[in-house]
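Architecture at a glance
Chain residues, written in single-letter form:
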Amino acid sequence: MKLTIAGATGRMGQSIVRLAAQEGFSIVGALASPQSRHLGLDVGDVAGAGNLGVAISDDVASALLGADVVIDFSRPEALSRVLAVARRQNVAVVSGTTRLDADTEKKLDEVAATIPVLWAPNTSLGVQVLAEIVAEAVRRLGPGFDVEIVETHHKAKVDSPSGTATRLADAVRDARKGLHTVTGREGNVGPRAADEIGVFAMRGGDVIGDHTVHLLGPGERLELTHRATNRDLFARGALRAARYLFGKPAGRYSMADVLG
Ligand code: NAD
């Protein structure tokens with residue numbers, strides 16, 4: 001299968017390039033911001049994966065040329081351009097880029113009418129299973145349990161709360177209709193409302209990504225936690241998603257589909 005990596009010079013991109021080479025994928029294109037391109041690097045230099053002979057480009061059309069699937073971990077503005085070109089050039093899209101605006105989210109649905117698209121704010125298989133377990137716990141425990149989500153990430157992370165925390169809050173909301181999400185709680189705001197899900201973000205050090213969903217009930221509480229200890233886990237999930245998406249009909253897919 002032929003892959004293009006969008007965001008190839010980034011933390012995630014480098015991990016994907018290295019693992020893709022190890023797993024026998026063929027990389028035919030690499031997209032990064034113009035700043036990366038001007039470094040004069042190629043993918044092999046960046047990833048320490050041997051010289052793969054692919055130049056880094058900031059031109060989406062040429063980076064996607066000949067690819068079956070593009071794996072994107074970049075920025076929302078880049079994803080938006082990737083989606084438009086992927087539709088035109090008939091390339092399937094796996095994206096893990098977070099903090100999408102409403103327009104880009106809409107575009108995911110629009111292009112999925114023509115090509116297969118999988119977007120996941122967390123491509124680890126463990127987080128998908130956590131979301132499913134959390135939904136089950138919320139349904140079984142009922143409205144007597146309050147739900148709060150705490151996430152921790154490295155200090156360079158650009159978005160807050162994380163896309164994964166939002167995804168977990170969505171799973172809670174879907175399981176128990178009527179809850180609304182509150183991001184953080186500043187100062188003394190009085191008692192917690194019964195119908196809210198608090199989402200709290202901590203930033204510091206080099207934490208790759210921890211998420212704990214607290215279910216707080218009368219006389220007991222559950223803490224369901226996922227800890228990422230290595231960025232490769234997201235890359236492995238993205239590559240597994242690419243393998244799953246290859247040859248699928250047009251449509252929106254999720255990590256739940258990949259897990260089966
Ligand atoms: P990073 O800053 O290390 O890398 C960003 C990459 O995108 C770089 O290669 C950069 O050159 C490229 N880029 C930025 N702007 C661009 C533009 N306008 N056009 C083309 N390329 C551009 O970031 P990162 O830590 O690798 O994370 C990338 C994204 O993936 C973020 O949105 C992050 O939240 C998300 N992420 C998702 C998961 C997941 O499991 N879904 C896991 C980790 C990170």
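Residues numbered from 1 in each chain as written. Predicted model: local features only at pLDDT ≥ 70, side-chain atom pairs only at ≥ 80, totals over all residues. Heavy atoms only, no water.

Our working definition: UniProt positions are given in the numbering used here, feature names are shortened, and annotations may be inferred rather than shown by experiment.
Per an unreviewed UniProt entry, the protein is named 4-hydroxy-tetrahydrodipicolinate reductase, and its organism is Polyangium mundeleinium. UniProt, in the comment section headed Function (unreviewed entry), describes the protein in these words: "Catalyzes the conversion of 4-hydroxy-tetrahydrodipicolinate (HTPA) to tetrahydrodipicolinate." Under the UniProt heading Sequence similarities (unreviewed entry), the entry covering the protein gives this text: "Belongs to the DapB family."

1. Side note on the pattern of salt bridges
Going by this rule: The term salt bridge refers to a pairing of a side-chain nitrogen on Lys or Arg with a carboxyl oxygen on Asp or Glu at a separation within 4 Å. Only DSSP runs of H or I covering at least 4 residues are called helices, and only runs of E covering at least 2 are called strands; the numbering of each starts at the N terminus.
Taken as a whole, this structure holds 14 salt bridges when the rule is applied. The shortest N-O distance in the salt bridge between arginine 192 and aspartate 146 comes to 3.2 Å. One end of the pair, arginine 192, is in the loop between strand 8 (180-183) and strand 9 (196-203); the other, aspartate 146, is in strand 7 (residues 146-153), with 46 residues separating them in the sequence. Here the residues in one salt-bridge network are Glu136, Arg139 and Arg140, joined through shared partners.

2. Points about the nonpolar core
Defined as follows: For our purposes a nonpolar core is just a set of buried Ala, Val, Leu, Ile, Met, Phe, Trp, Tyr and Cys residues, chained together by side-chain atoms within 4.5 Å. Relative accessibility under 20% of the residue-type maximum defines a buried residue, over 50% an exposed one, and the middle range a partly exposed one, all with a 1.4 Å probe and only protein chains included. Contacts between residues were defined by any pair of non-hydrogen atoms, one from each residue, lying within 4.5 Å.
By size, the foremost hydrophobic cluster in this structure holds 33 residues, and its most contacted members are Leu3, Ile5, Ile16, Ile71, Val94, Leu118 and Leu239. For this core, the secondary structure elements donating two or more residues are strand 1 (2-6), helix 1 (11-22), strand 2 (26-31), strand 4 (69-72), strand 5 (92-95), helix 9 (232-245) and helix 10 (255-259). Element by element, the count of residues in this core is highest for helix 9, at seven residues. Apart from the residues lying within four places of it in its own chain, the contact partners of isoleucine 5 are Gly13, Ile16, Val17, Ile27, Gly29, Ala30, Leu31 and Ile71. Core analysis: the next-biggest nonpolar cluster, separate from the first, contains 21 residues, Leu179, Ile197, Val213 and Leu215 among them.

3. Thoughts on the sheet that holds strand 6 (residues 116-119)
To keep it simple, the criterion reads: By this definition, two strands are paired if DSSP reports at least two bridges between them.
Taken together, seven strands build an open sheet; the order of strands is 3-2-1-4-5-6-12 and the sheet is parallel. A single partner strand is all that each edge strand has here, and the edge strands are strand 3 (56-57) and strand 12 (251-253). Pairing of strand 1 with strand 2, which is carried by five bridges, proceeds in the parallel orientation. Its bridge partner being in strand 2, leucine 3 is matched across the sheet by isoleucine 27.

4. Focus on unusual backbone geometry
For the peptide bond that leads from serine 160 to proline 161, omega is -5°, which places it in the cis range. Despite not being glycine, asparagine 90 has its phi angle at roughly 55°, a positive value. Here asparagine 90 shows up in the loop between helix 5 (76-89) and strand 5.

5. Considerations on the pairing of strand 10 (residues 209-217)
The buried fraction of strand 10 is high, at seven of nine residues. Of the strand pairs in this sheet, strand 7 and strand 10 are connected by seven bridges, and their pairing is antiparallel. When the sheet's bridge partners are listed, aspartate 146 is paired in strand 10 with leucine 216. As judged from the nine bridges shared by strand 10 and strand 11 (residues 220-228), these two strands associate in the antiparallel manner. Within strand 11, the position partnered with histidine 214 by the bridge is glutamate 223.

6. Some details on the site of the ligand
How we decide: When at least one non-hydrogen atom of a residue lies within 4 Å of a molecule or strand, that residue is treated as near it. The definition of a polar contact used here is a pair of N or O atoms within 3.5 Å, where within protein one atom must be able to donate a hydrogen and the other to accept one, and adjacent residues in sequence count solely through side-chain atom pairs. Note that Gly is not counted as nonpolar here; it falls among the polar residues with everything else outside the nonpolar set of Ala, Val, Leu, Ile, Met, Phe, Trp, Tyr, Cys and Pro and the charged set of Asp, Glu, Lys and Arg.
By nearness alone, 24 residues border the ligand, and Thr9, Arg11, Arg75, Thr98 and Thr123 come closest of all. Backbone polar atom of glycine 10 to an oxygen atom of the ligand: 3.0 Å apart, as the coordinates give it. A distance of 2.8 Å is found between an oxygen atom of the ligand and a backbone nitrogen or oxygen belonging to arginine 11. Where the shell around the ligand is concerned, the elements lending two or more residues are helix 1 and helix 5. Broken down by element, the residue count for the shell around the ligand peaks at three residues, all from helix 5. Per-class residue counts for the shell around the ligand are eight nonpolar, eleven polar and five charged.

7. A look at the sheet that holds strand 9
The following threshold applies: Angles here are taken between N-to-C directions and fall from 0 to 180 degrees, while the axes themselves are lines fitted to C-alpha atoms, restricted in helices to the stretch in contact.
The strand order across the open sheet built from five strands is 8-9-7-10-11, with neighbouring strands paired in mixed fashion. A single partner strand is all that each edge strand has here, and the edge strands are strand 8 and strand 11. Averaged over all pairs of adjacent strands, the angle between their axes in this sheet comes to 20°, without regard to strand direction.

8. Digging into the side chain of serine 15
Looking at the secondary structure, you find serine 15 in helix 1. The class of serine 15 is buried, set by a relative accessible area of 4%. Only 2.6 Å separates the side chain of serine 15 from the side chain of aspartate 232, close enough to count as a polar contact. Among residues more than four places away in sequence, those in contact with serine 15 are Arg231, Asp232 and Ala235.

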